[in-house]
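Spelled out from the first residue to the last, the chains are:
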Amino acid sequence: MSVARSQESAHSDHKKRMKAVVKDLIPEDQIHRTQVISQTLSPVWDETFILEFEDVETASFHLDMWDSDVVESVRHKLGELTDLHGLKRIFKDARKDKGQDDFLGNVVLRLKDLHCWNDQWYQLEPRTETYPNRGQCHLQFLLTHKKRATRSSRTQPSYTVHRHLLQQLVSYEILQHQAGSISWDGELSRHASTVLYLHATQKDLSDFHQVMAQWLAYSKLYQSLEFNSNCLLHQITSIEYQWVQERLRPEQKAELAESFQSLLTYGVSLIRRYRIIFPLSVPRSRERLQSLLRVLVQMCKMKAFRELCTLSPHLPEMVAIALKSGTTEWFHMEKQHLKPMLKSMEENGKALSRLLLEVIGDLQQCQKIWNKFFISTLKLNLFSIAYLELESLVAEHVQEQLHELDSSMSKPTAESLFQLYMNLQELYRMKDFLPQRDGPLALSNFHQWFKEAVPQWLQKTYTIALERAQRAIQMDQLIPFGEHNKHSTSTVDLSTCYAQIVKTWQQLNWPDPEEAFMIMVKLVEDMCRIALMYCRLIKERAEALSLREQNEGEAANRLCIVVNNIKQLRLLVLKLPSQLEWEQLERRTGAAIDPQQIQHTLHNQLHSTVSCLDHEVQDVVQALATKLEKGIARHIQELSSSNNTREPEDSIIPLMKFLESELQYLNEHLVQENFKSLLALLWHHTLAVLSAATGQQVPSAQHYRKLHCALKSLELCFHAEGCGLPLETLHTAAFLSLDTQLALCSSTSRKLIQKYFSNRIQQQLDTSSEKYGAVTIKALYRPSEQKLRVEVLNAANLIPLDSNGSSDPFVQLTLEPRHEFPEVVARTTQCKRNELHPLFDEAFDFLIPAEKCRQEGACLLLTVFDYDTLGANDLEGEAFFPLCQLPGLDADEDQADMGRVPQTRLPLTHPKPSGDEILRLLESRKGDKEAQAFVKLRKQRAKQSKETE
């Protein structure tokens with residue numbers, strides 16, 4: 001195949017092709033020939049020729065394809081003769097010129113019809129019409145300029161010019177992205193790639209030199225412009241694959257070695273300051289550091305790097321040194337940044353604590369985040385390097401600051417040192433993450449630096465616990481804390497005080513066994529002292545509250561709570577050995593302290609305190625019995641001296657009511673053991689009083705019946721409460737239930753309605769379940785304005801009633817019973833869309849007289865509905881707030897404001913009228929419109945409740 005170019009234009013109407021156009025019309029030195037491909041009809045040459053031309057408008061490209069004909073001897077041809085047709089072929093070849101090639105076809109193209117880059121198949125044109133189908137030829141054309149009149153092209157090597165051109169294009173690409181962004185992936189635009197390809201082709205740059213120019217450009221730009229370092233991996237791989245040192249001249253080797261060394265130095269400097277260069281607060285910082293480590297590792301593994309940079313240190317060693325120095329620089333920078341403005345020991349302690357927090361946070365990041373990158377790429381344990389360096393620096397710095405302390409340190413200084421001690425302890429515990437270490441650490445005995453401060457720490461802990469316990473007793477009203485608890489609020493605060501002391505022991509975690517034992521002795525002494533102080537003060541508190549009311553029943557109830565409080569305190573004291581881990585302490589001190597000393601010092605003191613608490617319980621039970629005996633004696637005396645015309649059952653009602661209320665309360669709130677001992681004391685005294693009343697005079701039959709009835713009733717009462725026999729208890733309950741029904745039957749409809757709301761209020765008080773959620777309010781009554789102000793704060797844990805799994809709640813406020821507040825209209829909050837924990841924060845005012853609030857059953861009814869656009873609103877639940885308990889109701893003046901009124905959390909309930917006796921009584925009164933209207937409303941609420949269940 002022959003190719004050539006011609007400056008003569010090819011006439012479009014010249015249809016007859018000339019034989020051997022290229023051979024005959026163009027000089028031989030302007031013709032290029034390909035190799036001969038033998039024995040094939042689909043030859044592949046893959047050869048490139050450079051043809052020069054001057055004017056693209058007149059120049060044409062000519063390609064002739066020939067079948068090479070090699071001269072052979074007659075003997076050789078006769079040897080291949082097989083038939084007559086072969087003989088005719090021999091005669092035909094004999095008439096031709098020796099060695100003449102057969103013409104297969106040609107391609108003639110005008111250059112002005114070509115693009116800068118063409119790649120396609122062209123049809124071979126025949127010389128005559130005898131054999132028109134000559135096949136196709138695949139050609140690729142690339143039009144370039146012959147030379148560039150630039151100073152760089154004349155004075156610098158081509159690959160250098162190529163590198164400079166590449167640097168300009170890469171800089172432009174990076175600047176097109178947002179400043180500081182690393183989103184550029186290293187790919188050039190199509191136009192830039194074309195320019196680089198044309199330049200490389202024009203200068204005949206090899207692939208290796210192109211890759212080398214790319215490496216030089218990218219590695220240099222990476223040190224000034226921020227982009228993803230993954231862009232360098234392609235050049236590293238290509239140089240490694242094509243590396244042959246002899247391809248480069250000495251100056252090229254030096255330039256490549258300098259680029260390796262420059263990037264290595266720059267990369268290591270970035271790693272040294274990785275905390276600043278790759279902060280975790282910046283997105284993709286982890287990926288950037290990991291990419292840089294991968295690039296440096298791959299570069300140092302290259303044959304080119306090993307051959308050209310023979311004197312370069314080992315990469316892990318360089319990085320380890322850089323990380324160590326960078327850690328030191330970071331520590332000193334943080335120390336200077338957190339340096340206190342005031343030069344006092346207290347401020348120095350706070351500054352040291354803040355510095356320790358920064359160090360601990362940095363080490364946590366090293367251990368949890370960065371360490372895996374350095375281990376996977378460089379086999380370096382970053383945490384170990386950073387910890388050993390920071391631990392040594394911290395130890396040195398803290399010791400320098402603590403040298404200025406003396407034994408007369410102030411309390412604020414001691415408190416700041418405790419926080420510093422805690423931070424040092426946390427830092428020292430992080431040593432467990434070290435893979436291995438040689439020798440002790442600088443912080444091994446750091447606890448010895450704080451020996452002078454330990455007594456003040458313990459005294460501070462005791463003082464805080466003592467003051468808190470005293471405040472708790474002063475605020476305690478000696479009423480049960482919650483429905484299922486028998487003790488009051490002060491024991492809860494006392495348990496918190498003990499828990500804080502236990503936490504202090506755990507936080508100290510003093511390593512020295514003997515000193516730890518002395519600390520334990522001090523803590524146990526303090527807790528026992530607080531326990532005995534509590535018993536004394538809580539009894540004084542009960543006595544002070546009883547003097548205000550002059551009521552034996554209330555005084556007895558408070559003493560009952562005192563008993564339970566001391567029993568609860570006893571449980572707290574008995575838990576101390578396990579909470580303070582005495583067994584572990586005994587094992588630690590086994591070699592230094594005799595176990596008998598531990599038994600004598602700790603256990604005996606604990607047992608002595610428990611015995612004192614038991615004695616206190618017995619004293620309070622005795623005082624409780626004395627309080628109740630006075631009430632029993634008074635009621636029996638009244639019974640004995642009452643008018644004989646009264647029925648016996650009527651005469652003993654006051655006594656039975658007194659005993660039932662008191663014994664029921666004591667049974668619910670006293671431990672069973674203490675309750676039985678109390679019953680024994682009361683029963684013997686009651687028998688003595690009855691005997692004395694009987695012997696005063698010969699009783700009449702009526703009087704006898706009264707005493708006998710009282711005795712039997714007392715016997716049943718005590719026996720049921722003491723032994724819990726179910727039959728007598730059921731009989732008594734049935735009698736009371738019948739009495740209640742008779743009382744109800746004699747009442748008016750309005751009285752029944754009032755009783756209904758009283759029962760609902762009591763049912764709400766008796767339950768702690770928030771099955772249907774709860775609503776929180778604040779309520780205050782101002783007597784001077786006769787105004788009730790209610791703030792609806794929020795609702796919580798509502799049941800989803802909509803198909804989307806949520807609700808649209810709002811609250812309706814009404815004052816009940818309606819006959820007591822006929823003029824007060826209902827109020828409604830705003831509706832909160834798609835909320836199960838809505839925040840309303842709305843206030844409402846109601847004008848009502850104070851005497852109305854004190855009526856039986858008077859309450860604020862809060863009904864929570866789920867708003868429904870199409871149908872009726874669904875019921876979420878209802879809550880009752882008794883108006884008789886309104887803050888400010890019994891005050892003469894408006895002394896309270898809403899800011900100081902406590903919040904009230906009311907559980908939501910659902911009405912279930914099917915088993916309510918009052919509603920059945922009201923429903924049976926067919927002629928009473930008010931009763932029927934009330935029953936209809938409650939049934940409607942009950943129906944809504946059933947629909948939600």
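Coordinates for the structure precede this section.
In short, a report on the structure. Note that the structure is predicted; figures quoted are calculated from it, not measured.

**Regarding the packing of helix H29 (residues 749–766) against helix H31 (residues 917–924)**
Running from amino to carboxyl end, H29 crosses H31 at an angle of 160 degrees, the nearest separation of the two axes being 9 Å. In terms of their interaxial angle, H29 and H31 are classed as roughly antiparallel. Two packed elements cross with a definite hand, and for H29 against H31 that hand is left-handed. Contacts from Ser-749, Leu-752, Ile-753, Lys-755, Tyr-756 and Asn-759 in H29 reach Ile-918, Leu-919, Leu-921 and Leu-922 in H31.

**Points about the pairing of strand S6 (residues 136–142)**
Taken residue by residue, a regular strand's side chains alternate between the two faces of the sheet. Only one face of S6 is covered, namely the one carrying Cys-137, Leu-139 and Phe-141; the face carrying Gln-136, His-138, Gln-140 and Leu-142 has none of its residues buried. Bridge count for strand S5 (residues 117–123) against S6 is seven bridges, and the pairing is antiparallel. When the bridges of S6 are listed, Trp-121 appears paired with His-138.

**Points about the sheet that holds strand S13 (residues 874–882)**
Pairing is antiparallel in the open sheet, where four strands are placed in the order S10-S9-S12-S13. In the strand order of this sheet, the two ends are held by strand S10 (827–828) and S13, each with one partner.

**Focus: the environment of Leu-323**
Its location among the elements puts Leu-323 in helix H13 (residues 315–337). Separated by 53 residues in the primary sequence, Leu-323 and Leu-270 have C-alpha atoms spaced 9.9 Å apart. Filtering out sequence-adjacent residues up to four positions away, Leu-323 remains in contact with Ile-271, Tyr-274, Phe-374, Leu-382 and Ile-385.

**Some points on the side chain of Lys-431**
Its place among the elements puts Lys-431 in the loop between helix H16 (411–429) and helix H17 (454–475). For Lys-431, a relative accessible area of 14% corresponds to the buried category. Contacts of Lys-431, omitting those with residues within four sequence positions, involve Tyr-387, Arg-437 and Leu-441.

Calculation criteria
- Residues numbered from 1 in each chain as written.
- Predicted model: local features only at pLDDT ≥ 70, side-chain atom pairs only at ≥ 80, totals over all residues.
- Heavy atoms only, no water.
- Axes fitted to C-alpha atoms, helices over the stretch in contact; angles between N-to-C directions.
- Helix = DSSP H or I, 4+ residues; strand = E, 2+ residues; numbered from the N terminus.
- Parallel < 35°, antiparallel > 145°, perpendicular 65-115°, else oblique.
- Left-handed = near helix turned anticlockwise from the far one by under 90°.
- Contact = heavy atoms within 4.5 Å.
- Buried < 20%, exposed > 50% of the residue type's maximum accessible area, 1.4 Å probe, protein only.
- Pairing = 2+ DSSP bridges.

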